[in-house]
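# Topology and contacts: notes
If you want the building blocks of each chain, they are given just below.
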Amino acid sequence: MDDTGAPHLAPWQRTAAGAGLLAANGTVAPTVFAEMSALALETGAVNLGQGFPDEDGPREVLEAAREAIASGVNQYPPGPGMPVLREAIARHQRRWYDLEVDPVREVLVTAGATEALAAAILAFVDTGDEVVTFEPSYDAYAALVARAGGVHRTVPLRFPDWVPDPDELRAAVTDRTRVILLNSPHNPTGAVLDRETLELVVELAHRHDALIVTDEVYEHLVFDGRHVPIATLPGAWQRTVSISSGGKTFNTTGWKIGWLTGPAHFVTAVLAVKQYLTFVNGAPFQPAIAAGLDLSHTYFADAAAALAAKRDVLVRGLDAAGFTTAVPRSGYFAVADAAPLGASDAAAFCRELPRRAGVVGVPVTAFVHPDRRDSVRTLVRFAFCKRREVLEEASARLASLSRQRGADARRP
Ligand SMILES: *Cc1c(COP(=O)(O)O)cnc(C)c1O
């Protein structure tokens, strides 16, 4: 401690602390996800906190990885990714979106979408440059922008419709904006940005000479209708870097095979950063994800339909328990308001929930800048990318909340 009572940080700790990555005592600031997963273990609660599936993905994909290991695909792959995967990504963009992408110059394979995001932000954002995102937003965004020295500007998405106000978006994007960082389909809300919003983003990017970086890892998990990549809109391609990953689409979140597509000069700039981050990763998983991308339309349609059915189980359970739930249109998560259950602070509610009802969720405050947490004060995110029995068990347990509430109401 120094004489102001603040703990003494070594110079090498101050940079990370300034970016909010280290806690004041110099330890790694624990994420609420780690805290809640630990609570789930400790209490035996059903863990709907972290978003990973509890079932394996398609057999063909798993088999292709085993086959690759057995046949010696175990050394460093090429820096931009294995040609078999880059070609499959280009075919995928053509098949689903009618986008012509050059697999040699316009595709880069990364260590998950996370590395693509990190390398893109480090490549494009200089000290003081502004990055606009919607909020709540995936927690890595704020951390990466801060570490790059950028300034994070946000536009709120409001419960339960999550539709951004076009005037707030117009006000957030200025000549200081370097990157508009989108995520649609959206985590944590399950929202899908509508075409008018995407068109406005393209218009603003042109007007203010900003880049669009778009995180579309849930592209195949849209429940009604089809995903529309912003890169397909008129005038968008030349300013857009699109990011996706095999993890969510093929239930292989632990493989960390992601990619980025866009005009060659952007891809080269990101590669220049990426080659000194991981350099390369996941050789035997690359041909396996390539096999996944070539699966029939049926696989993708069935996967989305199966997840939509799981969403319905969880949303029914949350409603029956007394939450007000925003029905997600995509992805792995549902956001529910715990205010009708008497909650005034979602973080405190989530810390109690495992003992009260045997279920773990995460407070949406984890996805919002500390100064703006009031707007999401009572919201909780629950994952539904779990087996049906698990969701039914969670629903049965959550039902005790409505019984507890009934008992409270009857108390004199
Ligand atoms: C899961 C997730 C990621 C991370 O993807 P990886 O391929 O595992 O790195 C990125 N963005 C969003 C919105 C996610 O939900």
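These notes cover the structure that comes with them. As the structure is a prediction and not an experimental result, all values here were calculated from the model.

This brings us to the packing of helix α2 (residues 32-43) against helix α13 (residues 346-357). α13 packs onto α2 with a crossing angle of 20° between their chain directions and a minimal axis gap of 9 Å. Considering their axes alone, α2 and α13 lie roughly parallel with respect to each other. Read as a crossing pair, α2 and α13 show a hand that is right-handed. Contacts between α2 and α13 pair E35, M36, L39, E42 and T43 from the former with A347, C350, R351, P354 and R355 from the latter. Split by residue class, the contact of α2 with α13 holds five nonpolar, one polar and four charged.

Considering only enclosed or pocket space, the largest pocket measures out at about 830 Å³ in volume. Forming the walls of the largest pocket are 33 residues, and the residues nearest its centre are G20, D139, A142, A366 and R373. With six residues, the top contributor of residues to the lining of the largest pocket is helix α6 (residues 139-147). Taken together, the residues of the lining of the largest pocket break down into 20 nonpolar, seven polar and six charged. Considered as a void within the structure, the second largest pocket measures approximately 540 Å³ in volume.

Of all hydrophobic cores here, the largest spans 98 residues; its most connected members are F124, L182, F323, F349, F382 and L398. V61, A88, V101 and Y299 belong to the second-largest nonpolar core, a separate cluster that totals 25 residues.

A word on the packing of helix α4 (residues 83-97) against helix α11 (residues 285-293). It is the contact of α4 with α11, at a shortest axis distance of 8 Å, that shows an interaxial angle of 20°. Considered as vectors, α4 and α11 are oriented roughly parallel to each other. Of the two elements, α4 crosses α11, and the hand of that crossing is left-handed. For the pair α4 and α11, contact is made by V84, L85, A88, I89, H92 and R95 and by Q286, P287, I289, A290 and L293, respectively. Split into classes, the residues belonging to the contact of α4 with α11 amount to eight nonpolar, two polar and one charged.

The full set of residues close to the ligand is G112, A113, T114, Y138, N183, N187, D215, V217, Y218, S245, K248 and K256. Measuring from a nitrogen atom of the ligand, one finds a side-chain N or O atom of D215 at 2.6 Å. Summarising the interface, the protein chains cover 94% of the accessible area of the ligand, which totals 390 Å² for the free molecule. When each cavity is represented as a set of grid points, the ligand is found to reside in the second largest pocket. Ranked by residues supplied to the shell around the ligand, first place goes to helix α5 (residues 112-124) with three residues. When the residues that make up the shell around the ligand are grouped by side-chain class, the tally is four nonpolar, five polar and three charged.

Pairing is mixed in the open sheet, where seven strands are placed in the order β2-β8-β7-β6-β5-β3-β4. The two strands at the open ends of the sheet, each matched to only one other strand, are β2 (107-111) and β4 (151-156). With strand direction ignored, the average angle separating the axes of adjacent strands in the sheet is 25°. Two strands pair when backbone bridges link them, and strand β3 (residues 130-135) and strand β5 (residues 177-183) are joined in this way by four bridges, in the parallel orientation. The residue bridging V132 from the neighbouring strand is I180, located in β5. The strands touched by α4 within the sheet are β2 and β8 (257-261), with β2 carrying the most contacts at an inclination of about 115°. Contacts between α5 and the sheet are confined to β2, β5, β6 (211-215), β7 (240-245) and β8, with β2 contributing the most and set at about 115° to the helix.

What counts and what doesn't
Residues numbered from 1 in each chain as written. Predicted model: local features only at pLDDT ≥ 70, side-chain atom pairs only at ≥ 80, totals over all residues. Heavy atoms only, no water. Axes fitted to C-alpha atoms, helices over the stretch in contact; angles between N-to-C directions. Helix = DSSP H or I, 4+ residues; strand = E, 2+ residues; numbered from the N terminus. Parallel < 35°, antiparallel > 145°, perpendicular 65-115°, else oblique. Left-handed = near helix turned anticlockwise from the far one by under 90°. Contact = heavy atoms within 4.5 Å. Nonpolar A, V, L, I, M, F, W, Y, C, P; charged D, E, K, R; others polar. 1 Å grid on protein atoms, 1.4 Å probe; cavity = no way out; pocket = protein on both sides within 12 Å on 5 of 7 lines; lining within 4 Å. Points joined across faces, edges and corners; volume = space filled by probe spheres on them. Core = buried A, V, L, I, M, F, W, Y, C linked by side-chain atoms within 4.5 Å. Buried < 20%, exposed > 50% of the residue type's maximum accessible area, 1.4 Å probe, protein only. Near = heavy atom within 4 Å. Polar contact = N/O pair within 3.5 Å; in protein donor to acceptor, adjacent residues only side chain to side chain. Areas by Shrake-Rupley, 256 points an atom, 1.4 Å probe, with all protein chains shown as cover. Sits in = over half its atoms within 2 Å of the grid points. Pairing = 2+ DSSP bridges.

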